[in-house]
Protein chains: 2
Amino acid sequence: MSPAPRLIAVDWGTSRLRAMLVSSEGAILDQTAADEGIMAVPPGGFPDVLRRTLAPWLERHGRLPVMMAGMVGSRNGWIEAPYAACPASLDDLAARVVHVPFDGADVRLVPGLTWRDPGGTPDVMRGEETKIAGVGLATGTIVTPGTHSKWISIREGRIDAFVSFMTGEFYAALLGHTIIGRLAEAPEDPAGFDAGLAASRRHGGLTHQAFGARTSVLLGDMPGTWVGPYLSGLLIGSEIVNGLALDRPAGEIVVVADGVFGRNYARAFEVFGVPVRLLDPEDTFIAGLLRILERVEGRRA
Amino acid sequence: MSPAPRLIAVDWGTSRLRAMLVSSEGAILDQTAADEGIMAVPPGGFPDVLRRTLAPWLERHGRLPVMMAGMVGSRNGWIEAPYAACPASLDDLAARVVHVPFDGADVRLVPGLTWRDPGGTPDVMRGEETKIAGVGLATGTIVTPGTHSKWISIREGRIDAFVSFMTGEFYAALLGHTIIGRLAEAPEDPAGFDAGLAASRRHGGLTHQAFGARTSVLLGDMPGTWVGPYLSGLLIGSEIVNGLALDRPAGEIVVVADGVFGRNYARAFEVFGVPVRLLDPEDTFIAGLLRILERVEGRRA
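Residues numbered from 1 in each chain as written. Chains lettered and ligands numbered in written order. Predicted model: local features only at pLDDT ≥ 70, side-chain atom pairs only at ≥ 80, totals over all residues. Heavy atoms only, no water.

(A) Structural detail: the interface of chain A and chain B. With 48 residues of chain A at the interface, the matching set in chain B holds 48 residues. Between chain A and chain B, roughly 4,100 Å² of surface is buried when both sides are summed, and carbon and sulfur atoms account for 65% of that area. On the chain A side of the contact with chain B, M166(A), T207(A) and F211(A) bury the most area, a combined 15% of that side's loss. Remark: the boundary between chain A and chain B carries 2 salt bridges. Residue R116(B) is joined to D221(A) by a salt bridge in which the shortest nitrogen-to-oxygen separation is 2.5 Å. Where chain A packs against chain B, one counts 17 residue pairs in polar contact (both at pLDDT 80 or more). Counting only elements with at least two residues in the side of chain A that touches chain B, the list comes to β8 (113–116), β9 (122–125), β12 (158–165), α4 (167–177), α5 (179–183), α7 (205–218) and α8 (227–244) of chain A. Considering every element that reaches the side of chain A that touches chain B, the biggest residue donor is α7(A), with 12 residues. Residues belonging to the side of chain A that touches chain B are distributed by class as follows: 19 nonpolar, 19 polar and 10 charged. (Contact = heavy atoms within 4.5 Å. Buried area = accessible area lost by both parts, 1.4 Å probe. Salt bridge = Lys/Arg side-chain N within 4 Å of Asp/Glu carboxyl O. Polar contact = N/O pair within 3.5 Å; in protein donor to acceptor, adjacent residues only side chain to side chain. Helix = DSSP H or I, 4+ residues; strand = E, 2+ residues; numbered from the N terminus. Nonpolar A, V, L, I, M, F, W, Y, C, P; charged D, E, K, R; others polar.)

Given below as structure tokens:
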């Protein structure tokens, strides 16, 4: 007999909608995914999409708590869940959870976080706060690689500060729309990744070392199959150089990533001689929603 | 009576062909320009394009020296003029000038330059070497802003070393193909440029501070009309921060730029408190070709 479902976890981002039926231990009992990210939902269409997605589970298991996180809580989503400001504890996050009117289930939305660095530059996240809650770190740094990679400082269990890097988006824009991309050849050779990592620690910065890929191919120093991995190594290396230089707490570095991101960041930190612990994004997402739900229900009780 | 023509100066780049009839003092007596860059010339078509372009001048003035510089000397151009290696003097450049077979005129091609930095990363230029020759600096730094901006170290009259920055190409790729560009509004407000300059000196590097444009607009800190100029200021500021940190000779900094580039770089250096001398790219290009021609004819004599 399978364990009883405790929660429906919904990760509703810009391009994808994922829903998971989850036990109180965080086991996934059932799941579904579709290309119904918030950009694909017509105005006013969010309740219908969610109803259709959850119908089989609600029919079978009755009124379950539904916890949503991600861009569904943004200005372009279903309901805007105002950002909570850092520093923020798990209780602060729970206190800002937004109740979403919906027939047949208690639907809630986890708010994103905002932080303003000492120079005055603001930063925002939506979705990562849930993974952070799931890591359950007391003091240290959490890195969430991606399109807009984030380095999050945790002090005494609170999310203290964070910094975003456009690593993934720079990679796509530069490979797709500069002279670098026109030199890239398939199949990719991972040796280029380490070359890019090494370049990220040399002089001149990103716009100089990126040009190095072009000149190296031109002069026969580098095969075209290195170009894509080189750019990836350069950008990830640059993120790590800048991330390590931030004002960060002592304590371990936890990287929340799987697949190509997980392999690349693990390799990069290894080459840089910095030990990290790698955690699965799905596990931490589910654990985070369970923890936030516990706090929300505790508040209500 | 107008002065006698001394030279036909040809700036033949990737997208444009420009030719100027020039006096020995560097005055432009006549000129023509067309969208007949090397990418628009069919295989084997270079002699015909040049003949058609120069015909009126050659008919009227007879056999004039023609000096070409730019991508016309690259692998995808008319004839590949092998790169000269730095350090390179004006005499070294003149010795590597390539004679191009052509009926009715002495056509020559100025070679590009290559340099390998201490870390082993190679760098290349084509066209800038001619402007550098035209500046005639003894010791100091020359900056040539553009798609692939370059910082050139001059020591005792020789081109000693140089470093490229993909400033212009990053700007186009990021503004055209990331979330930053989707937030940009017209008409541009130049106040954003200074904000980007300030951001280039703050923590986190380019991929973090670029994200600052997105979050600042999202949180109402910055109007959309600042976004384009902010990105420009951030990239130019980042180039200058990295350029000033290079191992450079003492002596003045000369910036070879006009138009928007000239205004932006002059403003950036002013904000950074670094005095520079601004020179016109066309004047320096013509002066460079005249100087190199003098050396070439001196060698032949």
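Picking up after the structure, the text goes on.
(B) Just the relation of the copies chain A and chain B, in detail. Rotating chain A by 180° and translating it 0.0 Å along the rotation axis places it on chain B, where the RMSD comes to 0.0 Å. The two molecules are tied by a two-fold rotation axis, judged by turn and shift. If distances are taken from each C-alpha of chain A to the rotation axis, the shortest is found for A173(A), at 2.9 Å. Taken together, the interface assignments show that 100% of the residues at the interface of chain A recur at the interface of chain B, consistent with an identical surface on both copies. (Least-squares fit on C-alpha atoms with pLDDT ≥ 70 in both.)

(C) Layout of the environment of R202(B). If you trace the backbone, R202(B) turns up in the loop between α6 (191–200) and α7 (205–218). Spatially, the C-alpha atoms of R202(B) and E156(B) are 35 Å apart, while their sequence positions differ by 46 residues. Sequence-distant contacts of R202(B), defined by excluding residues within four places in its chain, comprise G119(A), T121(A) and Q209(B).

(D) Looking closely at the environment of A210(A). Here A210(A) lies in helix α7. By relative accessible area, A210(A) is classed as buried at 1%. Sequence-distant contacts of A210(A), that is, excluding residues within four places in its chain, are made with I180(A), L234(A), M166(B) and F170(B). (Buried < 20%, exposed > 50% of the residue type's maximum accessible area, 1.4 Å probe, protein only.)

(E) Inspection of the pairing of strand β12 (residues 158–165) of chain B at higher detail. Residue and element names in this part refer to chain B. Burial analysis of β12 places 7 of its 8 residues in the buried class, which makes it a mostly covered element. With 7 bridges connecting them, strand β11 (residues 149–155) and β12 associate as antiparallel partners. Each residue of the ladder has a partner; that of I152, found in β12, is F162. Hairpin geometry of β11 and β12 is characterised by an intervening segment of 2 residues between the two adjacent antiparallel strands and by a positive phi of about 50° at E156. (Pairing = 2+ DSSP bridges.)

(F) Inspection of the sheet that holds strand β8 (residues 113–116) of chain B at higher detail. In spatial order, the strands read β5-β8-β9 (chain B); together these 3 strands make up an open sheet with mixed pairing. Two strands in the sheet have a free side with no partner beyond their single neighbour: β5 (84–85) and β9 (122–125) of chain B.

(G) Inspection of the domain arrangement of chain A at higher detail. By domain assignment, chain A separates into domain 1 (5–137 + 285–300) and domain 2 (167–279). Relative to domain 2 of chain A, the C-alpha centre of domain 1 of chain A lies at a distance of 32 Å. (Domains from an automatic or database assignment.)

(H) The packing of aromatic side chains, seen in detail. If you walk through the whole model with that rule in mind, you get 15 aromatic pairs over all chains. Ring geometry for F170(A) against F170(B): centres 6.3 Å apart, planes inclined by 70°, an arrangement best described as edge-to-face. Placement of the pair is F170(A) in helix α4 and F170(B) in helix α4 (residues 167–177), with the two residues belonging to separate chains. Look at F170(B) and you get buried, because its relative accessible area is 0%. (Phe/Tyr/Trp six-rings, centres within 6.5 Å; stacked < 30°, edge-to-face > 60°.)

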